[in-house]
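# Structural description and commentary
As a plain string of letters, each chain reads:
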Amino acid sequence: MIEFKNIEINYGNFAAIRNLNLEVKEGEFFTLLGPSGCGKTTTLRSLVGFVTPTSGSIFVKGADITNVPVEKREISMVFQNYALFPTMNVYENIAFGLRVKKMTKKQIDDEVRDIADKVDLNDEQLMKKVSELSGGQQQRVAIARALVLKPSILVMDEPLSNLDASLRVQLRKELKRIQKAFGITTIYVTHDQEEALTLSDRIAVFNKGIVEQAGTPYDIYNYSATEFVCNFIGDINKLAQPVLEKINLQSAKPFDLKKAAYVRTERVHTALKDTGKDFIQLKAKVVDIEYFGLYTKYAFDIDGAVIKNIEKEDGMTIYSIGDELDLYLHSSDIMQF
Ligand SMILES: Nc1ncnc2c1ncn2[C@@H]1O[C@H](COP(=O)(O)OP(=O)(O)OP(=O)(O)O)[C@@H](O)[C@H]1O
Ligand SMILES: [Mg+2]
C-alpha cells in the first residue's frame, strides 16, 4: 500500500534519512520507533508531503506520489500537540475539513456526529470549546478531525505523549479499536517501546536515519537483528567479559569473547525451570532490590560484574541484599551480533 524506495532526506549537509526502504501493507498499524532525532518525524513528513526527499520515491497504491502536493495525497495527520483551533467548539473543529471540501450542512452534520460517536465524544462535549476539554478529550477530537475526512492513510506523530500514563494506556486501546474498526492504514510514530509493542502489527526500529530492523513486535523482541535493536527494546544485561568466560566453561558452544553478549532480564532465572542440559549456573549475590509491585527487579554481583533479573513471585519480595544464590541462564538466550 505504501512504499518508500531508496529514500534519502538531507537537511543541508546533514543526512537525516539514509536509504530508507519500507513497505506498509493495506490496513496495517505500522510504527516507526526510535530515539530522539533518528528521523521518525522526517519520514512521516515525507509521506504527508511537508518534506521532499533528496532522492528516492514514495508510492501509495502503486502510484508515485513523491511530487504530489500535500492536499492531493488524502493522508490525514494527528500531531503530538493536537493542533486544534482552541477558540472553536469541538463540533467546528471536527467539521473544519468538511467545510473546506464544501459539503452541505446536512452531510457535515451527519459525518461529524457519526465520527464523534465512534470516538466517544457526546453531544454536550461537541458544543464545548476545545480549551474546556481535558488532554485525553482533546486528543479524541484531533483523531476525530483526522478520521472524518476518510483518509486512506492516517499518520500520527507521538499523539499520546502529552498525556499522563494511565490515560495513555486507555487511549492506546481506543486508538487500536478505532484503527481496526476503520481498517485504516496507519503509520504511528513513538519513542515509547511499550506503546510500539502493544499497538503495532509491525514496527520499524530507526537509528540515526537508518532502519535497523522491521518486523512484528514478537520478532523484534525475540529475534533482534542488531545490537542497537536488542538494547532499545526491552530490558537487557550486557554480560561482562569475566562472566562470559565463566559461561564458556559450561556452554556447549563457546561465545566470542571479543564481542558484546546480552541476555534479557526475564531470561535470568534464580531457579532451574526445567532440566534442559545447557543451562549455565553462576554463583551470585544480591546487591540491589527494586520493588515494582507487579514484579521485583534484582541486581546480582558475579565476581564484580552486575546482572539484573526480574522475579514475578506473586508480587512478593523473596530475596534480601547479601543473599547468595545460583543464577541459571540458557545458552540460547545469550545474544551476540
Ligand atoms: N527542518 C530541519 N532542518 C534541519 N535539520 C532538521 C530539520 N528537521 C529535523 N532535522 C534534524 O534531522 C534529524 C531527524 O529529525 P526528526 O525530527 O525526524 O527526528 P525524530 O526521530 O522525529 O525525533 P523526536 O523523537 O525527537 O521527535 C534530527 O537530527 C534533526 O535535528
Ligand atoms: Mg519527531
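Residues numbered from 1 in each chain as written. Chains lettered and ligands numbered in written order. Predicted model: local features only at pLDDT ≥ 70, side-chain atom pairs only at ≥ 80, totals over all residues. Heavy atoms only, no water.

The subject of this paragraph is the confidence of the model for the chain. Close inspection of predicted coordinates is inappropriate in any region flagged by low pLDDT. Across the chain, pLDDT averages 91, with 98% of residues at or above 70. Mean pLDDT in the chain bottoms out at helix H6 (residues 165-182), which sits at 84, and peaks at strand E9 (residues 202-207), which reaches 98. (pLDDT = per-residue confidence, 0-100. Helix = DSSP H or I, 4+ residues; strand = E, 2+ residues; numbered from the N terminus.)

Let us now look at the site of ligand 1. Looking at ligand 1, the residues that line it are Tyr11, Phe14, Ala16, Pro35, Ser36, Gly37, Cys38, Gly39, Lys40, Thr41, Thr42 and Glu158. Side-chain polar atom of Ser36 to an oxygen atom of ligand 1: 2.5 Å apart, as the coordinates give it. In the environment of ligand 1, an oxygen atom lies 3.0 Å from a nitrogen or oxygen atom belonging to the backbone of Gly39. When ligand 1 is considered free in solution it has 640 Å² of accessible area, and contact with the protein chains removes 58% of it. Those elements that place two or more of their residues in the shell around ligand 1 are strand E2 (14-24) and helix H1 (40-48). Here the shell around ligand 1 takes three residues from H1, the largest share from any one element. When its residues are assigned to classes, the shell around ligand 1 shows five nonpolar, five polar and two charged. (Near = heavy atom within 4 Å. Polar contact = N/O pair within 3.5 Å; in protein donor to acceptor, adjacent residues only side chain to side chain. Areas by Shrake-Rupley, 256 points an atom, 1.4 Å probe, with all protein chains shown as cover. Nonpolar A, V, L, I, M, F, W, Y, C, P; charged D, E, K, R; others polar.)

Okay, the nonpolar core next. If you look at the biggest cluster of nonpolar residues, it comprises 35 residues, and the most contacted ones within it are Val90, Ile94 and Val112. Looking at this core, the element that brings in the most residues is helix H5 (residues 135-147), giving six residues. Among residues more than four places away in sequence, those in contact with Ile94 are Val112, Ile115, Leu121, Leu126, Val141, Ala144, Arg145 and Val148. Judged by nonpolar contacts, the second largest core, of 27 residues, contains Ile7, Ile65, Val155 and Ala204. (Core = buried A, V, L, I, M, F, W, Y, C linked by side-chain atoms within 4.5 Å. Buried < 20%, exposed > 50% of the residue type's maximum accessible area, 1.4 Å probe, protein only. Contact = heavy atoms within 4.5 Å.)

Two numbers describe a pair of packed helices, the interaxial angle and the distance between the axes. The contact between helix H2 (residues 90-100) and helix H3 (residues 105-118) brings their axes to 10 Å, and the two run at 130°. As far as their axial angle goes, H3 and H2 are oblique. Considering how the two elements wind past one another, H2 and H3 form a crossing that is right-handed. Contacts between H2 and H3 involve Tyr91, Ile94, Ala95, Leu98 and Arg99 on the former and, on the latter, Ile108, Asp109, Glu111, Val112, Arg113 and Ile115. Split into classes, the residues belonging to the contact of H2 with H3 amount to seven nonpolar, no polar and four charged. (Axes fitted to C-alpha atoms, helices over the stretch in contact; angles between N-to-C directions. Parallel < 35°, antiparallel > 145°, perpendicular 65-115°, else oblique. Left-handed = near helix turned anticlockwise from the far one by under 90°.)

Our next topic: the state of the cysteines. Under the criterion given, the structure shown has zero disulfides. Left unpaired, Cys38 is separated from the closest cysteine sulfur, that of Cys230, by 17 Å. Using a relative accessible area of 0% as the deciding quantity, one classes Cys230 as buried. (Disulfide = S-S within 2.5 Å.)

Sheet architecture is open: four strands sit in the order E15-E14-E13-E16, paired in antiparallel fashion. Looking at which strands have only one partner, the edges of the open sheet turn out to be strand E15 (305-311) and strand E16 (324-330). Strand after strand, the sheet turns through a mean of 50° between neighbouring axes, direction not considered. The sheet strands contacting helix H10 (residues 241-250) are strand E13 (279-291), strand E14 (296-302), E15 and E16, and the helix crosses E13 at an angle near 145°. (Pairing = 2+ DSSP bridges.)

Our next topic: the pairing of strand E3 (residues 29-33). The element E3 is extensively covered by neighbouring structure, given that five of its five residues are classed as buried. On E3, burial covers both faces: Phe29, Thr31 and Leu33 on one face and Phe30 and Leu32 on the other are all buried. Sheet topology note: the E3/strand E8 (residues 185-190) ladder contains five bridges and is parallel. Among the inter-strand pairings, Leu33 is bridged to a residue of E8, identified as Thr190. Pairing of E3 with E9, which is carried by four bridges, proceeds in the parallel orientation. For Leu32, the partnering residue across the bridge sits in E9 and is Ala204.

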